Amino acid sequence: MNDPASRIMARCVELRGISADPTAYSRHYLTAEHRAAATLVTGWMRAAGMAARLDAAGNVVGRYEGERPAAAALLLGSHLDTVRDGGTYDGQLGVVTAIEVVQALSDSGQRLGCAIEIYAFADEEGVRFSSGYIGSGLVACGETGVALNAHDAGGTTFAEALAAFGLNPARLAEARRRPEEALAYLELHIEQGPVLEAEGLAVGTVTSITGQSRLAATVAGVAGHAGTVPMTLRKDALAAAAEAILTVERVARSNPGVVGTVGIVGAGPGAVNVIPGQARFTVDLRSGIDARRQRALADVLTGFRTIAERRGVAITWDVRVDAPATPCDPHLMTLIDRACAAETGRAFRLPSGAGHDAAEMAALCPSAMIFLRCRDGISHNPAESITPEDAAAGLRTLARAVQMVAADPPRRG
Ligand code: HGY
Ligand code: MN
Ligand code: MN
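Criteria and thresholds
- Residues numbered from 1 in each chain as written.
- Chains lettered and ligands numbered in written order.
- Predicted model: local features only at pLDDT ≥ 70, side-chain atom pairs only at ≥ 80, totals over all residues.
- Heavy atoms only, no water.
- Phe/Tyr/Trp six-rings, centres within 6.5 Å; stacked < 30°, edge-to-face > 60°.
- Helix = DSSP H or I, 4+ residues; strand = E, 2+ residues; numbered from the N terminus.
- Salt bridge = Lys/Arg side-chain N within 4 Å of Asp/Glu carboxyl O.
- Buried < 20%, exposed > 50% of the residue type's maximum accessible area, 1.4 Å probe, protein only.
- Donors = N, O, S within 2.8 Å, 3.2 Å for Na, K, Ca; no water.
- Near = heavy atom within 4 Å.
- Polar contact = N/O pair within 3.5 Å; in protein donor to acceptor, adjacent residues only side chain to side chain.
- Areas by Shrake-Rupley, 256 points an atom, 1.4 Å probe, with all protein chains shown as cover.
- Nonpolar A, V, L, I, M, F, W, Y, C, P; charged D, E, K, R; others polar.
- Core = buried A, V, L, I, M, F, W, Y, C linked by side-chain atoms within 4.5 Å.
- Contact = heavy atoms within 4.5 Å.
- Pairing = 2+ DSSP bridges.
- Domains from an automatic or database assignment.
- Buried area = accessible area lost by both parts, 1.4 Å probe.
- Expected span 1.5 Å × (residues − 1).
- Arc of directions from axis to C-beta.
- Axes fitted to C-alpha atoms, helices over the stretch in contact; angles between N-to-C directions.
- Left-handed = near helix turned anticlockwise from the far one by under 90°.

Chemist: Give me the packing of aromatic side chains: which residues, what numbers.
Modeler: All chains considered together, the criterion is met by six aromatic pairs. Ring geometry for F304 against W317: centres 6.0 Å apart, planes inclined by 65°, an arrangement best described as edge-to-face. Placement of the pair is F304 in helix α8 (residues 290-311) and W317 in strand β13 (residues 314-323), with a sequence separation of 13 residues. An aromatic cluster is built from Y29, F129 and F158, whose rings are joined through pairwise contacts.

Set out below in structure tokens:
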């Protein structure tokens, strides 16, 4: 298969075949599926003329040298993990498209004024530990929002999962890159929304990436006999969680520009005739304006305290992600505008309601994104799809942007 766009589409489908559940596309951090996908992508990077390795965080990173060895690099990439029952293009499209950009450079023997590095980040979605951006957070800052004793749904701690994967929990920070190593970070990603499609555009320039708060909450009540405990004497953890979940929805609805989601709920001990003594749920609150997100979070937590007091249960939580809204780099946006206009005839800018590794990478170097149209804006859903023509448009646009950034990199203060 010599046509790059067909290869992009085929590789996304091939990666979809690496899933914990053959009926629901799921590939999570530090699992056998993570290892298999990382091995496949490492081979593709090497075939494109890159030196490729797994870093201390479990990210795959490939390097294509510039005209001079050990030059600072323009970083490209996206994430290799998925949500549960996710779509075929979220994350991996950016990885495989970046590899095609380098493949073309390598095939033509072209070397740029800078190196090119591609990251296939290991845990952007944060499904396993209800976190997010572990891979890019370690590269950009050498830290992650997840404690080593945080555990997944099966009770495995982050430290145990790292060790089982062959990584050393004490050496995670070795994934960190120094600012002088990175000229800029560029990420191609599907829009995951309907705007480009409505505009009739294949690509657009991202202006900013939403701010996010993610919490893992637990409710401790008292388990009891479903038939003998009067309603007035119950400390029902699941009923309290249900009220807390509706609090998240109420607060988000009443704060313009804020969205709130509870994506995971669990309760125990899990018998039809036992009053649940414990419950757990996650909270995801977002806004493009940090003050609004923080105000909403404060209202949600006040609501939790009131519910706990009135129901005689304990509601505790830990914050797994506290990511500020992140503006994309103005110079890179200008270059991306030109790359997009060359493709579609006009530049178009739009904000991202989704979080991305590019927000983490902004702590390391100037960072920006190119959005690609996806059908009906559907994402985090197996119906997520793009056309081969748009995959080709995304490749041309990213390749143009890479040449522009290599020739005119952001000035670093
Ligand atoms: O949740 C998000 O916005 C991204 O898909 N991780
Ligand atoms: Mn996603
Ligand atoms: Mn994504």
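Chemist: Tell me about the pattern of salt bridges, residues and numbers included.
Modeler: Throughout the structure, instances matching the rule amount to 26 salt bridges. The partner of R178 in a salt bridge is E181, and the shortest N-O contact between them spans 3.9 Å. In this structure, D408 engages R411 in a salt bridge whose closest nitrogen and oxygen atoms are separated by 3.2 Å. Judged by relative accessible area, which is 23%, D408 ranks as partly exposed.

Chemist: Kindly report on the coordination of the manganese ion (ligand 3), identifying the contributing residues and their values.
Modeler: Bound to the manganese ion (ligand 3) on the protein side are H79 (NE2), D90 (OD) and H189 (NE2), at distances that span 2.0 to 2.2 Å. Linear spacing of the donor residues for the manganese ion (ligand 3) on their chain is H-x10-D-x98-H.

Chemist: How would you explain the coordination of the manganese ion (ligand 2) if you had to name every residue and give the values?
Modeler: On the protein side, the manganese ion (ligand 2) has D90 (OD), E125 (OE) and H380 (NE2) as donor atoms, found 2.1 to 2.2 Å from it. All donors to the manganese ion (ligand 2) come from one chain, and their sequence spacing reads D-x34-E-x254-H. Separating the manganese ion (ligand 2) and the manganese ion (ligand 3) is a distance of 3.4 Å, and D90 donates to both of them. With D90 in the loop between β3 (73-79) and α3 (92-108) and E125 in the loop between β4 (115-121) and α4 (134-141), this pair connects stretches of sequence that are 35 residues apart. By relative accessible area, which is 9% here, E125 ends up buried.

Chemist: Please provide a residue-by-residue account of the site of ligand 1, values included.
Modeler: Every residue close to ligand 1 is listed here: E124, E125, Y133, R214, R286, A354, G355 and H380. Here E124 contributes a side-chain N or O atom positioned 2.9 Å from a nitrogen atom of ligand 1. Here an oxygen atom of ligand 1 sits 3.0 Å away from a polar atom, N or O, in the side chain of H380. Starting from 210 Å² of accessible surface for ligand 1 in isolation, the protein chains cover 95%. In the shell around ligand 1, the residues fall into two nonpolar, two polar and four charged.

Chemist: Got a sec to walk through the nonpolar core? Specific residues and values, please.
Modeler: Ranked by size, the top nonpolar core spans 83 residues in total, and within it V41 and L186 carry the most contacts. Those residues in contact with V41, other than ones at most four positions away along the chain, are L15, V60, L80, V95, I99 and A120. Counting 24 residues, the second largest nonpolar core, distinct from the first, contains L215, A237, L297 and V300.

Chemist: Give a description of the pairing of β3 that names residues and reports values.
Modeler: Most of β3 sits inside the fold, with seven of its seven residues counted as buried. Residues A73, L75, G77 and H79 of β3 are buried on one face, and the alternating residues L74, L76 and S78, pointing to the opposite face, are buried as well. Where β3 and β4 come together, seven bridges link them in parallel fashion. Bridge pairing in β4 places A73 opposite A115. Bridge count for β3 against strand β5 (residues 182-190) is four bridges, and the pairing is parallel. Looking at β5, one finds that L76 is bridged to L186.

Chemist: An account of the domain arrangement of the protein chain is requested, with residue identities and associated values reported.
Modeler: As far as domains go, the protein chain holds domain 1 (4-210 + 325-407) and domain 2 (211-322). When each unit is reduced to the centre of its C-alpha atoms, the spacing between domain 1 and domain 2 is 32 Å. Roughly 1000 Å² is buried in total at the junction of domain 1 and domain 2, and carbon and sulfur atoms are behind 40% of that figure. Here domain 1 and domain 2 share zero salt bridges between them. Our count for the contact surface shared by domain 1 and domain 2 stands at seven residue pairs in polar contact (both at pLDDT 80 or more). Here the residues of the side of domain 1 that touches domain 2 sort into seven nonpolar, seven polar and two charged.

Chemist: Hey, could you go over α8 for me, with residue numbers and the actual values?
Modeler: Over its 22 residues, α8 runs 31 Å from end to end, which matches the ideal 32 Å to within 8%, given 1.5 Å per residue. For α8, the full list of buried residues reads R293, A296, L297, V300, L301, G303, F304, I307 and A308. The buried residues of α8 occupy one face: seen down the axis, they fall within an arc of 155°. Away from the buried face of α8 by more than 90 degrees, exposed residues A291, R295, E309 and R310 are located. Residues of α8 that are buried sit in contact with β7 (211-220), α7 (237-254), β9 (258-261), β12 (278-287) and β13. Positive phi shows up at G312, right after α8, with a value of about 70°.

Chemist: Which residues make up the packing of α3 against helix α11 (residues 388-407), and what values go with them?
Modeler: It is at 9 Å that the axes of α3 and α11 come closest, and there the two elements cross at 60°. Helix-helix and strand crossings are classified by hand; for α3 and α11 the assignment is right-handed. Seen from α3, the contacting residues are T97, A98, E100, V101 and L105; seen from α11, they are G394, L395, L398, A399, V402 and Q403. Considered class by class, the residues forming the contact of α3 with α11 number seven nonpolar, three polar and one charged.

Chemist: Requested: an account of unusual backbone geometry, with residues and values cited.
Modeler: A cis amide bond, omega 15°, links G268 with the succeeding residue P269. If you trace the backbone, P269 turns up in the loop between β10 (265-268) and β11 (274-275). With a phi close to 65°, Y133 is a non-glycine residue in the positive phi region. Positionally, Y133 belongs in the loop between β4 and α4. Look at Y133 and you get buried, because its relative accessible area is 4%. We note that H380 has phi near 55°; this positive angle belongs to a residue other than glycine. For H380, the position within the fold is in the loop between β16 (367-372) and α11. On the basis of relative accessibility, which here comes to 42%, the residue H380 falls in the partly exposed class.

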